[in-house]
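# Descriptive analysis of the structure
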Amino acid sequence: MRDRAGDSWRARALVVLLLLVGPSAAAQDAPVPSQAGEERRAPPVAPPVVGIVVEGARRYRPEQLAAALGQPVGQPFDEERVSKGVEVLWEAFKVRATVDLRQARGGLEIVLVVAEMNVDLEPRFIGNDAIDRDQLRKWALLEDRGELFLFQAERVRQRLLEGYRREGYHWVEVEIRRRGEAEGEVEGGAADVIFEIEEGPQLNVSDVVIVGNDAMPDRGLWFWRDGLSKFADRKLDGPWLFDWNGEPFVQEVLDADLLAMREVYRDRGYLDAVVALEKLEYSPLRDSVVVHIKVDEGKPYTIESLAIKAVEERADLVTGEAVEVEVPLLFPAEDLLALCASKPGAPWDRARRQQDEEALRDHYGERGHIAHPSLGEDSFRVLDPDVVADPATGTVRVVYKLRQGRKRWLRELMFAGATHTRDRVMRRTSDAMPGEVVDVKEIRRSLSRLYSSGWFNDEFAPLTHKDPVFGFKSTPNPDFVDVEFEVDEGRVVNLQVQGGVDSNNGLFGRISLSMRNFDLTALPSSPVSAFGELYDKEAFHGAGQVLEIEYMPGTILDAYSFRFLEPDIFRTHFDRTSMELRLDHRERGYRFYDEERLEQRIRFAREFGRELDVAAGLVATSLDVRNLDDYPPSGIFAPEGTPLPSSIYQQVGETQLYGLTLDASWTDLDVNLNPREGFKGVLRNTIHGPLGGDFEFVRSRFDGDLYWKLGRSELMDVVPSFHLGFGLGVAAPFGDTEETPYTERFQLGGTRILRGFAFRGVGPNNGDNTLGGETTWDLTFEYRHPLYSVVQPGTYREVETFRLTLFTDWGQLDPDAFELDWDETRATAGFGLGMVTPFPISLNFGFPLLDGEGDRRQVFSFSLMNLSF
């Protein structure tokens with residue numbers, strides 16, 4: 001500590017120094033001629049320190065304290081170093097020190113007088129029933145050390161009070177009982193500190209009553225709550241489904257809730273709104289409280305006028321300070337204002353302002369004026385608007401201000417962090433070309449394609465793996481920038497051993513090896529090092545190919561499969577041509593027969609732009625239908641009155657199907673895995689017969705899925721969303737085939753289509769057995785509500801983990817091609833609970849609204865997949 005004691009030793013040191021160095025200093029004060037004939041004075045030299053004597057040390061050794069002072073013996077006295085040493089003694093040892101200097105033979109002797117603070121080597125806590133001792137030490141910041149100096153006791157008491165109140169112990173009291181600092185007791189001696197705690201009852205919130213919020217009344221319950229509390233994400237709440245006691249009452253949380261509610265009103269144009277605590281109503285036992293909040297909304301402000309201008313910061317010619325100067329807009333003001341959702345007469349609210357900012361950013365960003373933090377002050381930016389409010393009329397005059405930034409061209413597209421993935425493979429994901437004007441929307445689409453490729457993410461560790469990001473780098477030419485995508489090689493070699501169970505396939509195991517960034521030509525250097533090089537992504541890695549091998553044994557279904565995909569045969573980069581080889585074997589028991597299927601495919605697909613691709617290929621299928629219930633021994637035709645569908649009898653035994661495939665798909669999704677926005681449509685056509693086989697028929701099906709979010713993606717990563725799915729299919733025999741084979745007919749029911757019916761449990765039926773359809777349609781509409789999400793470490797990105805789904809499913813089967821009997825329509829409604837990450841789990845509860853004779857209902861359906869390796 002630097003106090004009056006420190007000033008006194010400096011004064012004494014100065015006197016001693018003057019006495020010691022006086023004669024020599026006087027001699028040194030004599031003029032000394034310089035080379036230029038001028039006189040200069042040599043600085044005085046302090047005498048050396050010949051020893052350090054420590055007085056008053058009790059707990060610390062004198063050598064420790066002398067070393068901490070920092071003054072070496074045998075060297076000249078250094079006042080500045082000694083002054084810092086006194087501070088070190090206090091900070092490190094909690095020792096008050098004074099320094100005396102006395103003359104000794106050959107120089108100075110330092111007398112270091114210390115007074116050690118009283119300390120308790122093991123402070124105690126009593127009265128703590130609800131909170132254990134370890135937690136108290138953590139609150140007191142004593143978990144890494146045992147000692148407590150007496151002067152720190154008051155600070156520790158305050159920390160204990162704050163800790164208890166964070167846990168809802170509103171009435172807690174902490175008293176300090178100390179021994180060892182009374183008058184006459186020796187400084188530096190042992191002390192005893194006891195913190196007496198009277199916890200009192202934990203104070204929980206039994207209810208929060210808000211009055212005056214007429215514009216945003218609180219309605220609904222639990223997950224379906226709406227109103228001011230929902231918009232403000234109020235944390236302080238009473239009892240509910242998963243917390244019967246209510247939230248602990250914490251004053252800081254209440255203050256944050258009040259502030260959040262005020263901000264909600266500001267964001268919705270209620271600029272004069274006041275949200276304040278009215279009173280706290282305690283229960284007789286003082287263990288619960290009703291929080292009363294009063295709102296004075298005022299009236300919402302509307303926009304009287306809206307204008308837009310561009311500004312730049314320039315140095316004032318007189319003061320040199322930066323000032324805003326209006327500059328010409330690069331685009332007509334009327335065109336920019338037409339992009340805005342805010343209009344004169346509309347409410348002045350945050351949602352519209354954010355839509356306006358996004359529209360202006362996109363408009364400028366598509367034309368080379370980039371809005372990105374990596375460009376610093378020279379990027380496009382929507383500044384805080386000039387707003388003039390008129391309380392008398394409840395209107396505002398608004399002027400949007402834009403910093404337009406410099407127009408940029410792309411010099412180079414770069415990728416960082418990819419240790420083994422080939423550069424040409426990553427460039428496939430981007431349509432941006434060097435020399436073009438930078439289009440930020442295209443850069444974001446490229447980022448989405450990188451993410452969707454699966455090369456640089458890890459769905460099994462989404463919280464720890466860093467997803468791809470992009471930034472801009474300046475170049476010597478200020479009109480050009482480099483775009484750099486930063487990636488981290490993901491889990492592209494996945495060996496999984498899993499177990500699961502679902503309503504469709506029963507209990508099953510699954511062993512799979514998948515490589516999403518496979519390279520068939522990157523062979524290991526030797527068989528011995530193959531495994532290590534594969535693990536380090538040095539072998540069979542980096543070309544963007546896909547290899548999948550899977551074996552799935554189960555109680556109902558046994559299957560194995562192989563798939564290889566080369567996404568760019570001719571390396572054209574744009575409008576690529578891909579080749580896919582696939583083998584699938586499946587052996588399964590159905591309701592009244594067993595089926596073994598071996599299917600082999602080769603498929604060539606051509607891209608037309610990023611969204612559309614068209615594919616053609618060949619498929620060969622070997623079928624073995626056996627163990628048919630009530631199979632007539634005399635032939636393949638069903639006897640009259642059989643309860644089985646007649647089309648199954650023509651397939652008993654081994655049959656062959658050879659077909660030509662022609663498919664088309666349109667994909668425009670935000671991400672391929674778990675999409676929340678966009679559309680995907682797939683048309684699949686197969687014609688069996690021209691290449692041979694036992695049956696002749698055409699099978700076509702279209703499936704479309706539309707996703708859209710409820711809320712602005714710029715505000716939150718995880719928001720509620722909708723999913724609309726539609727399917728339409730037809731299978732028509734021709735030539736010598738009278739009926740489409742039963743195994744190739746359409747079926748409905750199970751965990752995916754018409755939830756509420758059993759797997760393949762939807763008729764029309766023949767007895768208890770479904771006939772299957774040559775014509776079908778189905779429709780599903782889902783509302784997906786996130787229940788719980790976590791923030792990915794190192795980022796602000798949220799990852800959805802649990803979800804609630806409300807759904808309604810509709811569908812129909814008709815036994816004849818191109819025929820629909822609307823009386824056979826089926827419908828269900830229900831809800832589902834599921835885990836999205838790290839592995840999928842879905843529990844569905846479907847309730848049939850429309851059913852038919854012979855249909856098999858199944859209210860509960862589920863799918864559980866547990867990762868075990």
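Scroll up to find the structure.
Below is a summary of the structure that appears in this document. (Residues numbered from 1 in each chain as written. Predicted model: local features only at pLDDT ≥ 70, side-chain atom pairs only at ≥ 80, totals over all residues. Heavy atoms only, no water.)

Within the chain, the secondary structure is distributed over twelve helices and 37 strands. Burial analysis of the chain (869 residues in total) assigns 43% to the buried set. Summarising the internal contacts of the chain: among those between residues at least 6 apart in sequence, 62% fall at separations of at least 24. Put simply, the chain shows about 44,700 Å² of open surface, and 54% of that area lies on carbon and sulfur atoms. (Helix = DSSP H or I, 4+ residues; strand = E, 2+ residues; numbered from the N terminus. Buried < 20%, exposed > 50% of the residue type's maximum accessible area, 1.4 Å probe, protein only. Contact = heavy atoms within 4.5 Å. Areas by Shrake-Rupley, 256 points an atom, 1.4 Å probe, with all protein chains shown as cover.)

Right, let's talk about empty space enclosed by the protein for a bit. If a probe the size of a water molecule is rolled over the atoms, the empty space left behind becomes visible. Per the counting criterion, the structure on display carries five cavities of 30 Å³ or more. Quantified by volume, the largest cavity comes out at close to 50 Å³. Lining of the largest cavity is provided by Arg361, Asp362, Gly365, Ala371, Val440 and Arg444. Among the elements of the structure, helix H9 (350-365) and helix H11 (440-453) are those that each provide at least two residues to the lining of the largest cavity. (1 Å grid on protein atoms, 1.4 Å probe; cavity = no way out; pocket = protein on both sides within 12 Å on 5 of 7 lines; lining within 4 Å. Points joined across faces, edges and corners; volume = space filled by probe spheres on them.)

Quick look at the sheet that holds strand S13 (residues 288-296) now. The strand order across the open sheet formed by three strands is S11-S13-S12, and the pairing between neighbours is mixed. In this open sheet, the two strands that pair with only one neighbour each are strand S11 (204-211) and strand S12 (274-282). Ignoring which end each strand starts from, the neighbouring axes of this sheet average 20° apart. (Pairing = 2+ DSSP bridges. Axes fitted to C-alpha atoms, helices over the stretch in contact; angles between N-to-C directions.)

With 14 residues, H11 extends 20 Å between its outermost C-alpha atoms, agreeing within 8% with the 20 Å of an ideal straight helix rising 1.5 Å per residue. Where H11 is buried, its residues contact H9, strand S18 (409-416), strand S19 (469-474) and strand S20 (480-486). Measuring from the backbone nitrogen of lysine 441 back to the side-chain oxygen at the start of H11 gives 3.1 Å, which picks out aspartate 439 as the cap. Remark: glycine 454 follows H11 within two positions and exhibits a positive phi of approximately 85°. (Expected span 1.5 Å × (residues − 1). Polar contact = N/O pair within 3.5 Å; in protein donor to acceptor, adjacent residues only side chain to side chain.)

Taken together, four strands build an open sheet; the order of strands is S15-S14-S17-S16 and the sheet is mixed. The sheet terminates laterally at strand S15 (322-327) and strand S16 (381-390), the two strands that pair on one side only. Ignoring strand direction, the axes of neighbouring strands in this sheet form an average angle of 35°. Pairing geometry for strand S14 (residues 302-315) and strand S17 (residues 395-403), over eight bridges, is parallel. Bridge assignment links serine 305 to a residue of S17, and that residue is arginine 397. Where H9 meets the sheet, its contacts fall on S14, S16 and S17, and the angle it forms with S17 comes to roughly 25°.

On to the nonpolar core. The biggest cluster of nonpolar side chains holds 24 residues, and the ones touching the most others in it are Leu65, Leu89 and Leu112. Looking at this core, the elements that each hand over two or more residues are strand S3 (49-55), helix H2 (62-69), helix H3 (79-93), strand S4 (95-104) and strand S5 (107-116). Per element, the largest residue contribution to this core is five residues, and it comes from H3. Apart from the residues lying within four places of it in its own chain, the contact partners of leucine 65 are Val54, Ala57, Tyr60, Leu89, Phe93, Leu112 and Val114. (Core = buried A, V, L, I, M, F, W, Y, C linked by side-chain atoms within 4.5 Å.)

As a further point, take unusual backbone geometry. Backbone torsion omega between glycine 763 and proline 764 reads 25°, so that peptide bond is classified as cis. For proline 764, the position within the fold is in the loop between strand S30 (721-733) and strand S31 (765-766). The phi torsion at leucine 141 lies on the positive side, around 60°, for a residue other than glycine. Among the secondary structure elements, leucine 141 is positioned in the loop between helix H4 (133-139) and strand S8 (148-149). Given the relative accessible area of 51%, leucine 141 is considered exposed. Its identity as a non-glycine residue notwithstanding, aspartate 233 has a phi of 55°, on the positive side. By the secondary structure assignment, aspartate 233 is in the loop between helix H6 (228-232) and helix H7 (251-267). For aspartate 233, a relative accessible area of 46% gives the class partly exposed.

Packed helices, taken two at a time, are described by the angle their axes make and the gap between the axes. At a minimum axis distance of 7 Å, the contact between H2 and H3 shows a crossing angle of 130°. Classed by the angle they form, the pair H2 and H3 counts as oblique. Facing Gln64, Leu65, Ala68 and Leu69 of H2, the residues of H3 in contact are Arg81, Val82, Gly85, Val86, Val88, Leu89 and Phe93. Looking at the contact of H2 with H3 residue by residue, the classes come out as eight nonpolar, two polar and one charged. (Parallel < 35°, antiparallel > 145°, perpendicular 65-115°, else oblique. Nonpolar A, V, L, I, M, F, W, Y, C, P; charged D, E, K, R; others polar.)

Given two aromatic rings, their pairing is described by the distance between the two centres and the angle made by the two planes. Tallying each qualifying case throughout the model produces 26 aromatic pairs. Note on phenylalanine 518 and phenylalanine 540: the rings are 5.7 Å apart at their centroids and 15° apart in plane angle, and the pair reads as stacked. Placement of the pair is phenylalanine 518 in strand S22 (residues 506-518) and phenylalanine 540 in the loop between helix H12 (530-535) and strand S23 (545-552), with a sequence separation of 22 residues. Of the residues examined, phenylalanine 518 reaches a relative accessible area of 5% and is grouped as buried. (Phe/Tyr/Trp six-rings, centres within 6.5 Å; stacked < 30°, edge-to-face > 60°.)

What follows concerns the side chain of histidine 292. Tracing the backbone through its elements, the reader meets histidine 292 in strand S13. For histidine 292, a relative accessible area of 14% translates into the label buried. Histidine 292 has contacts with Val209, Leu277, Glu278, Lys279 and Glu281, leaving out every residue within four places of it along the chain.

Moving on: the pattern of salt bridges. Evaluated as defined, the whole model comprises 61 salt bridges. A salt bridge links arginine 563 to glutamate 548; the shortest N-O distance between them is 3.6 Å. Taken together, the residues span a long stretch of sequence, with arginine 563 in strand S24 (residues 557-566) and glutamate 548 in strand S23 at a distance of 15 residues. Taking relative accessible area as the criterion, arginine 563 reaches 17% and is therefore assigned buried. Taking relative accessible area as the criterion, glutamate 548 reaches 31% and is therefore assigned partly exposed. Linking arginine 626 and glutamate 596 is a salt bridge whose minimum nitrogen-to-oxygen distance equals 3.3 Å. Taken together, the positions of arginine 626 in strand S27 (residues 612-626) and glutamate 596 in strand S26 (residues 594-608) put the pair 30 residues apart, joining distant regions of the chain. (Salt bridge = Lys/Arg side-chain N within 4 Å of Asp/Glu carboxyl O.)

Nothing here speaks to function; it is all geometry.
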